[in-house]
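Tertiary structure, described
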Amino acid sequence: MEIKRLEGAIEALLFAMGNSVELSAIAKAVGHDQDTTRKIIQNMMLKYQEEDRGIQIIELENAYQMCTKEAYYDCLVKLALQPKKAVLSDVMLETLSIIAYKQPVTKLEIEKIRGVKCDHAVNKLIEYNLVQEVGRLDAPGRPILLGTTEEFLRNFGVQGLDELPEIDPVQVEDFKAEAEEEVQLQLNV
């Protein structure tokens, strides 16, 4: 049972680390000497090979790494090539709305409107190809100006920004009143 527990611990370490791990670090983590740890890992390598598993442990200059077997790379490529459906969180939708209606806009302007940092949301929107850099503001630091992409238009079913829904002025006034009330409540606390 002790060997099974050690194999499990080594497997967990190699899986969690992702990269190669020095034999000395593995031995220290599992509480055994390097020779015993090396023998256990080599035994695990043989087992993975004999059982025709999808993973293997490889040795890299006195370090070990868990990785997939080359025979299964085609499966991994097929999975990686499947289109991923981007899910937009409320924060990303809010940030995207500001960019769509105020473009070209800087991150600082978005943050002033939202009241919080927007780096993560903007980076994700760029990654999803919904937002792009459209220029630089002629101001100190030359901040990046952001705007929407053609992919944004396609995803939201509009041919141009002029087709975006109009902002209801009554609703804008209601939002302003709510924001002012919140500010007053925070000031009174």
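All residue numbers here refer to positions counted from 1 along the written sequence of the relevant chain. Only residues with pLDDT of at least 70 get local features here, since the model is predicted, and only at 80 or more are side-chain atom pairs given and counted; chain-wide, interface and lining totals rely on the full set of residues. For the side-chain quantities, the full set of heavy atoms in the structure was used; hydrogens and water were omitted.

If you look the protein up in an unreviewed UniProt entry, it shows as Segregation and condensation protein B from Candidatus Blautia merdavium. In its Subcellular location (unreviewed entry) section, UniProt records this for the protein: "Cytoplasm". UniProt positions are given in the numbering used here, feature names are shortened, and annotations may be inferred rather than shown by experiment.

**Structural notes on helix 5 (residues 90–102)**
Across its 13 residues, helix 5 extends 18 Å between first and last C-alpha, which sits within 8% of the 18 Å expected from 1.5 Å per residue. Buried within helix 5 are the following residues: Met92, Thr95, Leu96, Ile98, Ile99 and Ala100. Working rule for contacts: check all heavy atoms of both residues, and any pair within 4.5 Å makes them a contact. Put simply, DSSP H or I for four residues or longer makes a helix, DSSP E for two residues or longer makes a strand, and each gets a number counted from the N terminus. Turning to helix 5, the residues buried within the fold contact helix 6 (107–114), helix 7 (119–127), strand 4 (131–136), strand 5 (144–148) and helix 8 (150–155). Expected span of a helix, by definition, is 1.5 Å for each gap between consecutive residues, and there is one gap fewer than residues. With a 1.4 Å probe rolled over the protein chains alone, any residue whose accessible area is under 20% of its type maximum counts as buried; one over 50% counts as exposed, and the rest are partly exposed.

**A short note on the packing of helix 2 (residues 23–30) against helix 3 (residues 34–50)**
In this analysis, axes come from line fits to C-alpha atoms, helices being fitted only over the stretch in contact, and the angle between any two N-to-C directions falls in the range 0 to 180 degrees. Contact pair helix 2 / helix 3: the axes reach a minimum separation of 9 Å and the direction vectors enclose 100 degrees. Of the possible angle classes, the one that applies to helix 2 and helix 3 is roughly perpendicular. Residues Leu23, Ser24, Ile26, Ala27 and Val30 of helix 2 form the contact with helix 3, whose participating residues are Gln34, Thr37, Arg38 and Ile41. Gly counts as polar in this scheme, as do all residues outside two lists: the nonpolar Ala, Val, Leu, Ile, Met, Phe, Trp, Tyr, Cys and Pro, and the charged Asp, Glu, Lys and Arg. For the contact of helix 2 with helix 3, the residue count by class is 5 nonpolar, 3 polar and 1 charged. Orientation categories follow fixed angle ranges, with anything under 35 degrees roughly parallel, anything over 145 roughly antiparallel, 65 to 115 roughly perpendicular, and all other angles oblique.

**Quick look at a negative patch on the surface**
Only residues above 30% relative accessible area that lack a salt bridge enter a patch, with like-charged residues linked at up to 9 Å and the nonpolar side chains Val, Leu, Ile, Met, Phe, Trp and Tyr linked at up to 5 Å. The accessible surface values rely on the Shrake-Rupley method and a 1.4 Å probe; as for residues, cover is taken only from the protein chains in view. Any carboxyl oxygen of Asp or Glu within 4 Å of a side-chain nitrogen of Lys or Arg constitutes a salt bridge here. We treat Lys and Arg as the positive residues and Asp and Glu as the negative residues; His and chain ends play no part in the count. Here the site of a charge means atom NZ of a Lys, CZ of an Arg, CG of an Asp or CD of a Glu. Residues Asp168, Asp174, Glu178, Glu180, Glu181 and Glu182 make up a contiguous surface patch of negative charge. Locating Asp168 in the fold gives a position in the loop between helix 8 and helix 9 (169–188).

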